[in-house]
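Residue-level structure breakdown
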Amino acid sequence: MDPTMLTWKPFGEEHLPALTGLAQACLAADGGLPLFVRPPLLRARLLQARTLGAWQGDELVAAVGVGADRRPVSATGLVHPEWRGRGLGERLLSWADEQAGGEDLLVTTETWSPGGEALFAARGLDRTFLEWVLRHDLDAVPEIPPPGGVRAEPVTWEVGPELFETYRASFADRPGFRAPEAEEWLGELREDDEYRPDLSMLARGPDGRPVGFLNVLGTWIDQVGVFPEWRGRRVGAYLVATALRALAAEKAGAAWLCVNDDNPAATLYRRLGFTDAGRRARYLRSRP
């Protein structure tokens, strides 16, 4: 496979099947976010105003999309596993850097690989975010009893303000956390077709006040939070196990979640039966 025989040209919406095949090959080799092969995320990441693809006949073997109208300028690229080690990644990154001009460049990857990490480090990009993608096959779901006096109830929009305040209070001590407005946060949940209020939960303590929450999107455990004073009592484990049982009862193939690389909760999730399914990351080059 000779890189000099490739054709380099832009791609567009009509090439979505070819992009899907390329993303599937990268996910199969590296793991990562399975939602990446769905059209909404593929479009958001790769079908930018500026694109460049490498073609061998009708097969797309490398691609990058650059959102030059954003600040920082954003880019996402892929190289087929069979074409790695031939300089294609370097060419895609150089082209993206050219499109950024003098602006900062943010590179997003939904399918992290050691080769990509090495390339970005060598080219002066700093990793700003690394997240594990975890999968639970639901063939053996853990049984976690409710902590003393704690009960979980499905989410209804009537408790929306309580749900938001529970989210805010649960995450307020995280470094860099900036709470959105309540209506913005709740509005995004209402507008998400995959939000499952019936499987999402608000946990209440013995006095009836919220102590934690869990949100489910489709088969994804999207957010789990517990008040600082209630941590260490297995409230989070109880909520996650309850959601897993509900998904298993619906015959879901698997449950998924993402967790930051340095988040201690990753240990909890693995104890509950989640296994590593890859990573996703972001890298930033800041201009002087």
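The preceding data block contains the structure.
Notes on the structure in this doc start here. Because the structure is predicted, anything quoted here is derived from the model rather than measured.

The rules we used
Residues numbered from 1 in each chain as written. Predicted model: local features only at pLDDT ≥ 70, side-chain atom pairs only at ≥ 80, totals over all residues. Heavy atoms only, no water. Helix = DSSP H or I, 4+ residues; strand = E, 2+ residues; numbered from the N terminus. Rg over C-alpha atoms; globule rule 2.2 N^0.38 Å. Buried < 20%, exposed > 50% of the residue type's maximum accessible area, 1.4 Å probe, protein only. Contact = heavy atoms within 4.5 Å. Lys, Arg positive; Asp, Glu negative; His and termini not counted. Charge placed at Lys NZ, Arg CZ, Asp CG, Glu CD. Core = buried A, V, L, I, M, F, W, Y, C linked by side-chain atoms within 4.5 Å. 1 Å grid on protein atoms, 1.4 Å probe; cavity = no way out; pocket = protein on both sides within 12 Å on 5 of 7 lines; lining within 4 Å. Points joined across faces, edges and corners; volume = space filled by probe spheres on them.

**Section: the overall build of the protein**
- Within the protein, the regular secondary structure consists of eight helices and twelve strands.
- Radius of gyration (C-alpha) of the protein: 21 Å, near the 19 Å computed for a compact globule of 288 residues.
- Taking the principal axes of the C-alpha coordinates as reference, the protein spans close to 70 × 45 × 30 Å.
- By residue count, 50% of the 288 residues in the protein fall in the buried class.
- Long-range contacts, defined here as pairs at least 24 residues apart, represent 72% of the contacts in the protein between residues at least 6 apart.
- Charged side chains of the protein number 33 positive and 41 negative; the gap between the two group centres comes to 3 Å.

**Considerations on the nonpolar core**
- Within the largest apolar cluster, 33 residues are counted, with the highest numbers of intra-cluster contacts made by Leu-214, Ile-221, Val-235, Val-240, Tyr-269 and Phe-274.
- Every element with two or more residues in this core is listed here: β6 (126-136), β8 (201-204), β9 (210-217), β10 (220-226), α7 (235-249), β11 (255-260) and α8 (265-271).
- When residues of this core are assigned to their parent elements, the largest contribution, nine residues, is made by α7.
- Ranked by size, the runner-up nonpolar core spans 28 residues in total, among them Ala-54, Val-64, Ala-68 and Leu-119.

**Side note on helix α6 (residues 182-191)**
- Residues of α6 that are buried include every one of Trp-185, Leu-186, Gly-187 and Leu-189, and no others.
- On its buried face, α6 is in contact with α5 (160-171), β9 and β10.

**Structural notes on the layout of surface pockets**
- Considered as a void within the structure, the largest pocket measures approximately 1,200 Å³ in volume.
- Those elements giving two or more residues to the lining of the largest pocket turn out to be β6, α6, β10, β11 and β12 (275-285).
- By residue number, the principal contributor to the lining of the largest pocket is β10, which donates five residues.

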